[in-house]
Amino acid sequence: MSLDNAAMTVYGDSISGNCLKVKFVADHLGLPYDWVEVSVLAKETRTPEFLAMNPAGQVPVARFADNAVLAQSNAIILYLAEGSDLVPTDAFERAQMYQWLFWEQYSHETAIAVLRFHRHYLKKPDSEIDPNLPVRCASVLTLMNNHLAQHEYFVGEKLTLADIALVAYTRLAHQAALDLTQYPHVKNWVRRIETDLEIEHAQ
Ligand SMILES: N[C@@H](CCC(=O)N[C@@H](CS)C(=O)NCC(=O)O)C(=O)O
């Protein structure tokens, strides 16, 4: 299916970094879409209608003109950005981009996004939060800071999907009560990517 002339509907929750990744990529590439707001907190991802579209009960979901449906934020942005400047043409650089995308889902999102959700949305006191979570957040931010001490972007010194996937929750780290001033290269990179994407500075 070609994206040319294809209408796309994005089902997403605006408070979700995973959903905002799709918005950032579509906006940056000038791809038209309709946005349907689906509230995770109101459990709108668990209705029979939504589950019929995505049995995993999660946003984001992209639905295309022929009703084909794609879930998983990084799968969606890879599809949208295929052939664009956001995906390196060099095979090794492309593999490096995948390396960061997989790391984002396995190590980064599962720490920073989860801590943010517990603290900012569920308002849990620290006594009810897994003490390993803040430790894991510090570890992923340190890893990023070390990489960014040597590089302007995550791959190949230009904006790729790796930066967009990683910035989605990193820019909201303050909502997890994480202080990015302790990670100055990360803080500068967040502002650089927000500027590249022409999105608001979240902090
Ligand atoms: N790995 C998935 C994660 C999606 C995800 O966790 N979505 C959350 C919002 S950020 C959700 O829909 N949660 C609702 C639920 O689990 O009921 C992705 O990258 O799209």
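Preceding block: the structure.
Residues numbered from 1 in each chain as written. Predicted model: local features only at pLDDT ≥ 70, side-chain atom pairs only at ≥ 80, totals over all residues.

Caption draft 1: Layout of the sheet that holds strand β3 (residues 61-64). With mixed pairing, the 4 strands of this open sheet are ordered in space as β2-β1-β3-β4. Strands with a single pairing partner mark the edges of an open sheet, and in this sheet they are β2 (34-37) and β4 (69-71). Taken pair by pair, the neighbouring strands of this sheet meet at an average axis angle of 20°, ignoring direction. Relative to β4, β3 is paired through 3 bridges, and the arrangement is antiparallel. (Pairing = 2+ DSSP bridges. Helix = DSSP H or I, 4+ residues; strand = E, 2+ residues; numbered from the N terminus. Axes fitted to C-alpha atoms, helices over the stretch in contact; angles between N-to-C directions.)

Caption draft 2: How the structure looks around the site of the ligand. By nearness alone, 14 residues border the ligand, and Ser-16, Asn-18, Thr-45, Gln-58 and Ser-73 come closest of all. Tallied by class, residues from the shell around the ligand come to 3 nonpolar, 9 polar and 2 charged. (Near = placed C-beta within 6 Å. Nonpolar A, V, L, I, M, F, W, Y, C, P; charged D, E, K, R; others polar.)

Caption draft 3: Examining the environment of Leu-80 more closely. Considering the arrangement of structural elements, one finds Leu-80 in helix α3 (residues 73-81). Leu-80 sits in the buried class, given 23 other C-beta atoms within 10 Å. (Buried ≥ 20, exposed ≤ 12 C-beta atoms within 10 Å, placed from the backbone.)

Caption draft 4: The arrangement of helix α6 (residues 161-170) in detail. α6 sits mainly inside the fold: 10 of its 10 residues count as buried. Turning to α6, its buried residues are Leu-161, Ala-162, Asp-163, Ile-164, Ala-165, Leu-166, Val-167, Ala-168, Tyr-169 and Thr-170.

Caption draft 5: A look at the environment of Phe-24. Relative to the elements of secondary structure, Phe-24 occurs in helix α1 (residues 17-29). Residues Phe-24 and Ile-77, spaced 53 residues apart in sequence, show a C-alpha to C-alpha distance of 9.2 Å. The contacts of Phe-24, once residues within four sequence positions are left out, are Ile-164, Leu-197 and Ile-199. (Contact = placed C-beta atoms within 7 Å.)

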